[in-house]
Amino acid sequence: MFFLSSTKRNNFKKNYIQNFQQAKNIAIKIHKNAPGSFYCGCKIIWNGKKGVPDLSSCGYKIRKNKNRAMRIEWEHVVPAWKFGHEKKCWKNGGRKKCIKNKLYKKIEFDLHNLQPAIGEINGDRSNFQYGQLNSHIEQYGKCNMKIDFKKQVAEPPKRARGKIARTYFYMSETYKIKLSKIEKKLLKIWDISFPVTKWECEREKLIFQVQGNHNNYVYKKCKTSYSKIKN
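All residue numbers refer to positions counted from 1 along the written sequence of the respective chain. Residues qualify for local features only when their pLDDT is at least 70, as the model is predicted, and side-chain atom pairs are given and counted only at 80 or more; totals for whole chains, interfaces and linings, by contrast, use all residues. Calculation of side-chain values draws on the structure's entire complement of heavy atoms; hydrogens and water are dropped beforehand.

1. Here's the deal with the packing of aromatic side chains
Given two aromatic rings, their pairing is described by the distance between the two centres and the angle made by the two planes. Put simply, the test is: Pairing of aromatic rings covers Phe, Tyr and the six-membered ring of Trp, with a centre-to-centre limit of 6.5 Å; geometry is then stacked below 30 degrees between planes, edge-to-face above 60, and tilted otherwise. Here a strand is any run of E in DSSP of at least two residues, a helix any run of H or I of at least four, and the numbering for each starts at the N terminus. The buried label applies to any residue whose accessible area, calculated with a 1.4 Å probe on protein chains only, is under 20% of its type's maximum; exposed applies above 50%, and partly exposed to all values in between.
In this structure the tally under the stated criterion is nine aromatic pairs. The interplanar angle of 20° and the centroid separation of 6.4 Å between the aromatic rings of Phe20 and Phe109 together place this pair among those described as stacked. A residue pair is termed long-range when its members are at least 10 positions apart, and Phe20 in helix H1 (residues 20–30) and Phe109 in the loop between helix H6 (102–108) and strand E4 (114–118) qualify at 89 residues. Since its relative accessible area comes to 22%, Phe20 is described here as partly exposed. Residue Phe109 is classed as buried on the basis of its relative accessible area, which comes to 2%. Between Phe169 and Tyr217, the ring centres sit 5.6 Å apart and the planes meet at 40°, which makes this aromatic pair tilted. Of this pair, Phe169 sits in helix H8 (residues 158–175) while Tyr217 sits in helix H11 (residues 216–225); the two residues are 48 residues apart in sequence, bridging distant segments of the chain. Given the relative accessible area of 12%, Phe169 is considered buried. Aromatic rings pair up to connect Phe83, Trp90 and Tyr104 into one cluster.

Written as structure tokens, this is what we have:
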């Protein structure tokens, strides 16, 4: 357990995270005891502000980009394009222009939406939507992440599906991000099929202590499933 600020924890509007580097630094502290990388479950070796995935610990096979495969990057589960592309600033210059927009920054720096992922997968997934593919390809060794670059669809391993669903529902509700009927249907299935884990509950608790707001799609389930985890 740790404390990053002595200010009031229930004031989400304070938005004291001013840049993405600061958000990443806080995320590192939160995820020090994470059971592994988000998609593949590789053991993470933290060295200061850098995270290195132990690829052998999860049977990960490098697809193409060795440099990015050898580092941990912070994945926006709901990609920046999803919550940014309709904004005026995005249309006038993309992500770089939007970084000056207060609301956009609040969304991009939201810790509930940041997960430690192997850099190569973060890059390959890009802003592709999640879905389920019929293919049986093994692009990343024993890590069962599948990406169809032509269809621009990413199928995450089962270990990440419930977390993804609950993150999408939270982001959609908090920031009025539109989800299609197809997305909602799939995410509801994932939410039910893959219940919250103890780490998911602990992570939510740590983020609440820093950021001051709950992801209620996780928090409420944790209260039921893990009553010993108090807030």
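Next, the rest of the story.
2. Some remarks on unusual backbone geometry
Even without being glycine, Ser126 reaches a positive phi, approximately 55°. The topology assignment puts Ser126 in the loop between helix H7 (119–125) and strand E5 (129–130). One non-glycine residue, Lys176, lies in positive phi territory at about 55°. Within the fold, Lys176 resides in the loop between H8 and helix H9 (181–193).

3. Brief notes about the sheet that holds E5
Note the cut-off: A pair of strands is treated as paired once DSSP finds two or more bridges between them.
Sheet architecture is open: three strands sit in the order E5-E7-E6, paired in mixed fashion. In this open sheet, the two strands that pair with only one neighbour each are E5 and strand E6 (146–148). Across two bridges, the pairing between E5 and strand E7 (residues 153–155) is parallel. In the strand pairing of E7, Gln129 is matched with Val153.

4. As for H1
Put simply, the rule reads: Any two residues whose heavy atoms approach within 4.5 Å at even a single point are treated as in contact. Contacts described as polar in this section are N or O atom pairs within 3.5 Å, which, within protein, must combine one atom able to donate a hydrogen with one able to accept it, while residues neighboring in sequence count only if both atoms come from side chains.
Of the positions making up H1, those classed as buried are Ala23, Ile26, Ala27, Ile28 and Ile30. Of the surrounding secondary structure, the elements contacted by the buried residues of H1 are strand E1 (43–47), strand E3 (72–76), E4 and helix H10 (198–211). The opening residue of H1, the one whose side-chain oxygen lies 3.2 Å from the backbone nitrogen of Gln21, is Asn19.

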